[in-house]
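Coordinate inspection notes
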Amino acid sequence: MPPRRPDPEKLRTALDAQLVALDEPPFDGPATALAGALVAAVLAAYDRGRTPERDAARQAVRHLLDRLTTAAPGRTVEVRVPPYAAVQAVEGPRHTRGTPPNVVETDPRTWIELAVGRLTWQEAVAKGAVAASGARADLSAHLPLDRPGRPG
């Protein structure tokens, strides 16, 4: 199943709301840069000790989860980032019923920091910011998402 394509207008609305909350001007770049700018704006909110705008955080999390499913397609590991989204990724035996045997769960900030490389998988697990269960629930081979040669 290919990742969903986010609506550029929804991304722009979420990004501009986040930029206003940060006392910054609205986004004036190309549509192709919306998702990256949104992730950066959400990280800027966290860096300033603020809670990001809910829709901005949700859109950023979903975008990065979609990128994970592109980089590591499959249905072996369920990656949950409550309250925003969950996806199945990573090649291997497919899970079809009940509780998945391989589950990763984390909060939005940790997921974004893992996805962009601000935090390593090992650091996140060591500090208890990621709950990972199952033999295939280690995402370190797939993070950060911007490794050279990785689809993006």
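Thresholds applied
- The written sequence of each chain sets the order in which its residues are numbered from 1.
- The predicted nature of this model means local features are confined to residues of pLDDT at least 70 and side-chain atom pairs, given and counted, to a pLDDT of 80 or more, with totals for whole chains, interfaces and linings taken over all residues.
- The side-chain values count all of the structure's non-hydrogen atoms but skip hydrogen atoms and water molecules.
- Put simply, a salt bridge is a Lys or Arg side-chain nitrogen that is within 4 Å of an Asp or Glu carboxyl oxygen.
- For every residue, the accessible area (1.4 Å probe, protein chains only) is compared with the maximum for its type, and the residue is labelled buried under 20%, exposed over 50%, or partly exposed between those bounds.
- For the purposes of this entry, the term helix denotes a DSSP run of H or I that reaches at least four residues, the term strand denotes a run of E that reaches at least two, and both are numbered from the N terminus.

So, on to the pattern of salt bridges. Counted according to the given criterion, the structure contains seven salt bridges. Where Glu78 meets Arg80, a salt bridge forms, and the shortest distance between an N and an O atom there is 2.6 Å. For Glu78, a relative accessible area of 16% corresponds to the buried category. We note a salt bridge from Arg80 to Glu105, for which the minimum N-O separation is 3.9 Å. One end of the pair, Arg80, is in strand E1 (residues 77-81); the other, Glu105, is in strand E3 (residues 103-106), with 25 residues separating them in the sequence. A residue is classified by how much of its surface remains accessible, and Arg80, at 26% relative accessible area, is partly exposed. Residue Glu105 is classed as partly exposed on the basis of its relative accessible area, which comes to 33%. One connected set of salt bridges, linked through shared partners, spans Glu78, Arg80 and Glu105.

Our focus in this paragraph is the environment of Arg62. With respect to the helices and strands, the residue Arg62 is situated in helix H3 (residues 54-71). Sequence-wise, Arg62 and Ala85 are 23 residues apart; in three dimensions their C-alpha atoms are separated by 6.3 Å.

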